[in-house]
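# Structural overview
For reference, the chains in residue letters:
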Amino acid sequence: MDTMAVEQNGINAVPEAERRGRPRDLFWPWAGSNLSLFGIAFGVYIVGLGLGVLPAIITGAIGYALSFLLVGLVAIGGARSGVPTMTLGRAPFGYHGNKLPTAFSYISNVGWEIVLVTLSAQSGKAILARLAPGVPATTATALCFAVAAVVVIVVGVYGHAMIMAVQRYLTYVFVVLTVVYLVLMAPKLGVSLESTAGPGGWAGGIIFAMTLLGLGWVNCGADYSRYLPSSSRPRSVALWTMLGGALPPMVLLVFGVLLAGGDPKLAAVASVDPVAALAGALPTWFLLPYLLTAIGGFLAGAIMDIYSSGLSMLALGVPVRRHYAVLIDGVLMVLGGYYLLFVSTSFLGTFQAFLAIAGVVMAAWVAIFLVDMWRLRAGGAAYDERLLRAGAPALNLAGLVSLVVASVVGLGLITSSDPNIAKVVGFLMSDEVKAGTFGMANIGVVIALVLAGLLYFAITSVTRRRVV
């Protein structure tokens, strides 16, 4: 497929004649989109749960692997059918019922686009302040923001082939520059961390790592595998997706944990603004390569998000071509980024709350999706025939009831450091429980995952997929 041609496929099944490549090609887009230096801050966050070096690394690695295994399993549906993720969601939720989770998916993707482009602009501003100290901070921020937004929108408009090519080469560059960066920062690493958390802290580390990474991508899993031949081995599709998404950020996770052990003060600053804090410890000659690494990592993730958010918009029934959907998303991304950069005064607490809430709903959604795919349509052919037309069943109450019930229960079992969001979550826990290790673990994410799958399995066993 020509990388310089604008992709014409929308949410239709990709014709078999256009489907090529191998499952291992999936490694590159997922690696590039998750090889962001913000992954270092993730390691610091997990240590903040009271975990020592080894527990933090183990729980983080388990959480990353488990969450991206879910993404890999969703990707199998794309290779089977040639259809994007949220269009496949019409099977467990119905043609119109699917609009509820798809709307949430759309909001989640656009939210991540805004966050990542904002971080790239902040990163550029912080580093330009050292490279060109005479440039006003607002000017530097605006310049970096404009460049980042244009790159994300243009690549998203060109579509799948361009994304696969760009992500591959970005990954090559990021790996080399990240290795140099880690070598330069090695003297600041250490292992002097005590573990004060009990089993609840270990559980919290795993769950938090899942929300930091893979659970934010489950609604995109099939979007990049749908161009693979339908004969692709399912195990390979899932494996290469999981390896691409989980392995690169594991390296950064380990670095963040060791940084907290070796230089707690720098780690504390890095947990709030990782790129600027870590740039301050680097020699001037490496600042430009560091800038490319930092901004490029954020942009790689934003590119994936804007492509998937455009597909979600089409799955909602908005009557536009795919590339026009990307342009609309780009406008929303610019508006949201402007707010975070030039209006908002708080970022971290709201961002963490966004992760937890999105993690609950996406955990419930992916459980229902996977139960439906593996139990009710193991052959995969039913996807194309049932779901790509407006005449498909309007509602699948089994899926909708399972999603809503599991999400409500899950939201009642998480906590938030954002005082406004804390008022509407955690309603199934007492104040004492919220303050303990059980509350810190945000166990509601796992409860939503298990409960949604069990509910959907039980209801469909009784009703035999009765739809209205």
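Residues numbered from 1 in each chain as written. Predicted model: local features only at pLDDT ≥ 70, side-chain atom pairs only at ≥ 80, totals over all residues. Heavy atoms only, no water.

Just so we agree on the cut-off: UniProt positions are given in the numbering used here, feature names are shortened, and annotations may be inferred rather than shown by experiment.
An unreviewed UniProt entry annotates the protein as Cytosine permease of Nonomuraea rosea. UniProt annotates the protein under Subcellular location (unreviewed entry) with the comment "Membrane". Turning to the protein, the UniProt record has this under Sequence similarities (unreviewed entry): "Belongs to the purine-cytosine permease (2.A.39) family."

## A few points about the overall build of the protein
To keep it simple, the criterion reads: Strands here are runs of E lasting at least two residues and helices are runs of H or I lasting at least four, both read from the DSSP assignment and numbered beginning at the N terminus. Only protein chains enter the area calculation, which uses a 1.4 Å probe; residues under 20% of their type maximum are buried, those over 50% are exposed, and those in between are partly exposed. Should any heavy atoms of two residues lie within 4.5 Å, those residues are considered in contact. In this description, accessible areas are obtained by the Shrake-Rupley approach with a 1.4 Å probe, and a residue is regarded as covered only by the protein chains that are shown.
Secondary structure assignment for the protein yields 21 helices and zero strands. Within the protein, the proportion of its 468 residues that are buried is 58%. The contacts of the protein with a sequence gap of at least 6 include a subset with a gap of at least 24, amounting to 87%. Taken as a whole, the protein presents about 17,600 Å² of accessible surface, with 71% of it coming from carbon and sulfur.

## Brief notes about the side chain of Ser-312
Residue position: Ser-312 is located in helix α13 (residues 287–315). What makes Ser-312 buried here is its relative accessible area of 2%. Not counting residues within four places of it along the chain, the set of residues in contact with Ser-312 comprises Met-86, Thr-102, Ser-105, Tyr-106 and Asn-109.

## What to know about the environment of Ser-230
Rules: Two N or O atoms count as a polar contact when they lie within 3.5 Å, although within protein this holds only if one can serve as hydrogen donor and the other as acceptor, and sequence-adjacent residues are included solely when both atoms are side-chain atoms.
The residue Ser-230 is located in the loop between α9 (199–212) and α10 (234–262) in this model. Judged by its relative accessible area of 39%, Ser-230 is partly exposed. C-alpha separation for the pair Ser-230 and Ile-76, spaced 154 residues apart in sequence, amounts to 9.5 Å. Residues in contact with Ser-230, not counting those within four places in the same chain, are Glu-16, Arg-19, Ala-79 and Arg-80. Engagement of the side chain of Ser-230 in a polar contact is seen with the side chain of Glu-16, the distance being 3.2 Å.

## Notes on the pattern of salt bridges
Defined as follows: A pairing counts as a salt bridge when a side-chain nitrogen of Lys or Arg comes within 4 Å of a carboxyl oxygen of Asp or Glu.
Counted according to the given criterion, the structure contains five salt bridges. A salt bridge links Glu-7 to Arg-226; the shortest N-O distance between them is 3.1 Å. Here Glu-7, found in the segment before α1 (27–34), pairs with Arg-226, found in the loop between α9 and α10; they are 219 residues apart in sequence, far enough to count as distant. Neither residue differs from the other here; Glu-7 and Arg-226 are each classed as buried. For the salt bridge of Glu-7 with Arg-322, the shortest nitrogen-to-oxygen distance reads 3.6 Å. Here Glu-7, found in the segment before α1, pairs with Arg-322, found in helix α14 (residues 322–342); they are 315 residues apart in sequence, far enough to count as distant. Taken as a pair, Glu-7 and Arg-322 share a single burial class, namely buried. The structure contains a network of salt bridges with shared partners spanning Glu-7, Arg-226 and Arg-322.

## Let's talk about the packing of helix α17 (residues 397–411) against helix α21 (residues 444–463)
Basically, it comes down to this: Axes here refer to lines fitted to C-alpha atoms; in helices the fit is confined to the stretch in contact. Angles between the N-to-C directions go from 0 to 180 degrees. Note on angle classes: values under 35 degrees are labelled roughly parallel, values over 145 roughly antiparallel, values of 65 to 115 roughly perpendicular, and the remainder oblique. Left-handed describes a crossing whose near helix is turned anticlockwise from the far helix through less than a right angle; right-handed describes the clockwise counterpart. Amino acids are sorted into nonpolar (Ala, Val, Leu, Ile, Met, Phe, Trp, Tyr, Cys and Pro), charged (Asp, Glu, Lys and Arg) and polar (every other residue, Gly among them).
Interaxial distance between α17 and α21 falls to 8 Å at its minimum, and their mutual angle equals 155°. In terms of axis orientation, α17 runs roughly antiparallel to α21. The chirality of how α17 crosses α21 is right-handed. Only Gly-444, Ile-447, Ala-448, Leu-451, Ala-452, Leu-455, Tyr-456, Ile-459 and Thr-460 of α21 make contact with α17, whose side of the interface consists of Ala-398, Gly-399, Val-401, Ser-402, Val-405, Ala-406, Val-409 and Gly-410. Here the contact of α17 with α21 is composed, by residue class, of twelve nonpolar, five polar and no charged.

## Let's talk about the packing of aromatic side chains
Two aromatic rings are characterised by how far apart their centres lie and by the angle between their planes. Stated formally: Centres within 6.5 Å are what make two rings of Phe, Tyr or Trp a pair, Trp counting through its six-membered ring; a difference in plane orientation under 30 degrees is then read as stacked, over 60 as edge-to-face, and the rest as tilted.
Applying the stated rule across the entire model yields 14 aromatic pairs. Centre to centre, the rings of Trp-30 and Phe-68 are 5.5 Å apart; their planes meet at 70°, and the pair counts as edge-to-face. Remark: Phe-68 occurs in helix α3 (residues 53–81) and Trp-30 occurs in helix α1; sequence separation between them is 38 residues. Like Phe-68, Trp-30 is buried. Ring centres of Trp-285 and Phe-286 lie 5.5 Å apart, and the angle between their planes is 65°; this geometry places the pair in the edge-to-face category.

## Notes on a nonpolar patch on the surface
Using the following cut-off: Nonpolar side chains (Val, Leu, Ile, Met, Phe, Trp, Tyr) within 5 Å and like charges within 9 Å form the patches, drawn only from residues with over 30% relative accessible area and no salt bridge.
A grouping of Leu-54, Ile-58, Ile-62, Leu-66, Leu-69 and Trp-202 is seen on the molecular surface, where their side chains present a nonpolar patch of about 490 Å² in accessible area. When residues in the nonpolar patch are grouped by element, the largest group, five residues, is from α3. Counting through the fold element by element, Ile-62 comes out in helix α3. Owing to a relative accessible area of 34%, Ile-62 belongs among the partly exposed residues under this scheme.

## Observations regarding the environment of Pro-249
Relative to the helices and strands, Pro-249 is located in helix α10. For Pro-249, a relative accessible area of 2% translates into the label buried. Along the sequence, Pro-249 and Phe-42 sit 207 residues apart, while their C-alpha atoms lie 9.2 Å from each other. Not counting chain neighbours up to four residues away, the residues in contact with Pro-249 comprise Asn-34, Tyr-64 and Leu-213.

## Notes on empty space enclosed by the protein
In plain terms, the rule: Throughout, the protein atoms alone are placed on a 1 Å grid, and a set of points is a cavity if a 1.4 Å probe fits but cannot get out or a pocket if it is open with protein on both sides within 12 Å along at least five of seven lines; lining residues have an atom within 4 Å of a point. Grid points are joined across faces, edges and corners, and a volume is the space filled by probe spheres set on the points.
In total, this model carries two cavities of 30 Å³ or more according to the counting rule given. Within this model, the largest cavity holds a volume of roughly 210 Å³. In this structure, the largest cavity is lined by 17 residues; those nearest its centre are Ser-33, Asn-34, Phe-42, Trp-112 and Leu-116. Counting only elements with at least two residues in the lining of the largest cavity, the list comes to α1, α2 (38–47), α6 (99–131) and α13. The leading source of residues in the lining of the largest cavity is α13, at four residues. Classifying every residue of the lining of the largest cavity by side-chain character gives nine nonpolar, seven polar and one charged.

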